[in-house]
Amino acid sequence: MRVTATVQPIAVGTSLYSTHLCHCHRSLICNDRPDELSCSITAASVQVTSLTSGALQDCQVARFDLLDCMSSQSPTDADGTVSFSNGTLALYLVPTDESCKDSTTSQYVRWFPSLVIGPPTTKAFITAISTLSLAASRDPEVLDMLNLTAQEAIGSRTILRYVFSKYGYDEASMGMDLLTFDGASIARPAFTAFYGSNIQLAGVFSILMASLAPLLDESPGMMAKTPHEVLMEELSAVIFDKLKHNELVKPHTTYINTDDTTVIAGIMLSTYNRVAAISGQPSIDAAKLTGYFQGIAQVVDKLDNRLRGMIATAKLFDEDKDDFDFTMPMATIMAMHDYVAQGAAAYAARQLAVDFTVDPSVDLTALVKQFKEEFSGHALTSKFSSTGLTQLKVFKGLLSSGLVNASLPTPDDNTIVKVPSKPGLLGLLGLLGLLGLIGII
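All values derive from a computational prediction rather than experimental measurement.

Draft legend 1. Representation of helix 13 (residues 324-358) in the model. With 35 residues, helix 13 should cover 51 Å at 1.5 Å per step; its first-to-last C-alpha distance of 49 Å lies within 8% of that length. Maximal helix bending in helix 13 amounts to about 35 degrees, located at alanine 346. For helix 13, the tally of buried residues reaches 25 of 35 residues, placing the bulk of the element in the interior.

Here it is as structure tokens:
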């Protein structure tokens, strides 16, 4: 059933995103834009899907037209897709709430997927990595390097390709369109790696948003913007800055991974300082804050260590062809990571932050220690093994999103994920502590 979007003008200053992007004057954005995103054309309709391990469902997606400054919103359908008519250059934003959940894991998504899309595009996938393109489009260093004006950068495919390249992905080698996902299939190891990279960043977004939000109160300094809007923008900007300087991701990841604890803790501190400066937030004891950020970062790193290895493995075994027996088990384990990161880990991180803010005299060291113990060693492996996810469930989620071909064999519904005995693969999974979750074929 087609749902008519509710349309209303955007009041300047009422939205974080309209303040930065919507000038309410067509010529300010349309001047000197490349032909591929001409402001003179309009798509009949635009279909947008937001994806983590599965499509996001039961969400209200907001659309901000950047040419006439009108806003509208519409709910996602059963497949997690939302349709808007009259597709001009616009920002699409998923302001997630507790009803907005991943279709595969059923976990609440705590961050705000967003992307600027313009004609002639008529469909697009919003992922965690593509969400960083908004921060990239505002970065003077990036604009200078790519020879783009601020107007040309808004919704630019060049910007999007640049962001993906920092993760080591490009359309030519993957055989797919990184915006529309035309040509994408989970049967291809390169796409499975890409799927894992987005799950990794989505988990970082969720845990860090959950960890920081309770520390930052709403105040006059934020005007009419919500604290979550401000936090999401500043977090994205800080993460993109690390990505730009290759401090967050090595594009050609190998089995050997550097410790990301320092980087993640630094992202949290920088984001906190930036939002606190905007909001006029009273300062928190620096020593306590440092210990808190370090504890959160260590948990993120422990979670990501497993996923980084799987992403590297998928890249390593890519031979420019499908290998469904290999990729479907890997995708399932990646979805398990998403379940734990955006579910139990984000929830526990938020509870830790709430306990910290409600009672500043609480023994924070003890709370952080307990938090780290809950997400390490056997306790962490136990969380992976109790997700209830199976290859069949993950397969169905990807099928409804159009990321698997219906002609592929339907995997079984067993919680023991079977993987092929490839050279080096079993050893890696053993190092990652995943052998208890898998069988061998």
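Structure shown, so let's carry the discussion forward.
Draft legend 2. View of the pattern of salt bridges. Taken as a whole, this structure holds 15 salt bridges when the rule is applied. The salt bridge involving aspartate 320 is made with arginine 188; its shortest N-O contact spans 3.0 Å. Pair noted here: aspartate 320 is in the loop between helix 12 (286-316) and helix 13 and arginine 188 is in the loop between helix 8 (171-174) and helix 9 (189-212), with a separation of 132 residues, a long-range link. Here arginine 188 falls in the buried class, since its relative accessible area comes to 12%. A salt bridge links aspartate 260 to arginine 308, with the shortest nitrogen-to-oxygen separation between them at 2.9 Å. Here aspartate 260 is found in the loop between helix 10 (227-244) and helix 11 (261-279), whereas its partner arginine 308 is found in helix 12, with 48 residues between them in sequence. Owing to a relative accessible area of 9%, arginine 308 belongs among the buried residues under this scheme.

Draft legend 3. Structural view of the sheet that holds strand 6 (residues 81-87). The strand order 6-2-10 describes an open sheet built from three strands, whose pairing is mixed. Sheet topology places strand 6 and strand 10 (123-126) at the edges, where each strand pairs with a single neighbour. Sheet twist, expressed as the mean angle between neighbouring strand axes with direction ignored, is 25 degrees. Here strand 2 (residues 43-50) runs beside strand 6; their pairing, made up of six bridges, is antiparallel. Directly across from alanine 43, in strand 6, lies its bridge partner glycine 87.

Draft legend 4. How the structure looks around unusual backbone geometry. We note that asparagine 147 has phi near 60 degrees; this positive angle belongs to a residue other than glycine. If you trace the backbone, asparagine 147 turns up in the loop between helix 5 (140-146) and helix 6 (150-153). You can call asparagine 147 exposed: its relative accessible area is 68%.

Draft legend 5. View of the side chain of serine 130. Among the secondary structure elements, serine 130 is positioned in helix 3 (residues 128-131). Among all residues touching serine 130, those that are not within four sequence positions of it are Ser114, Leu115, Phe125, Leu160 and Phe164.

Draft legend 6. Here's a closer look at helix 14 (residues 364-374). Inspection of helix 14 places Leu364, Leu367, Val368 and Phe371 among the buried residues, and these make up the whole buried set. Buried residues along helix 14 cover an arc of 95 degrees about the axis, so they all sit on one side. Those residues of helix 14 that are exposed and angled more than 90 degrees off the buried face are Thr365 and Lys369. Elements in contact with the buried residues of helix 14: helix 12 and helix 13.

Reading the values: the criteria
Residues numbered from 1 in each chain as written. Predicted model: local features only at pLDDT ≥ 70, side-chain atom pairs only at ≥ 80, totals over all residues. Heavy atoms only, no water. Helix = DSSP H or I, 4+ residues; strand = E, 2+ residues; numbered from the N terminus. Expected span 1.5 Å × (residues − 1). Bend = angle between axes of the 7 residues up to and from the residue. Buried < 20%, exposed > 50% of the residue type's maximum accessible area, 1.4 Å probe, protein only. Salt bridge = Lys/Arg side-chain N within 4 Å of Asp/Glu carboxyl O. Pairing = 2+ DSSP bridges. Axes fitted to C-alpha atoms, helices over the stretch in contact; angles between N-to-C directions. Contact = heavy atoms within 4.5 Å. Arc of directions from axis to C-beta.

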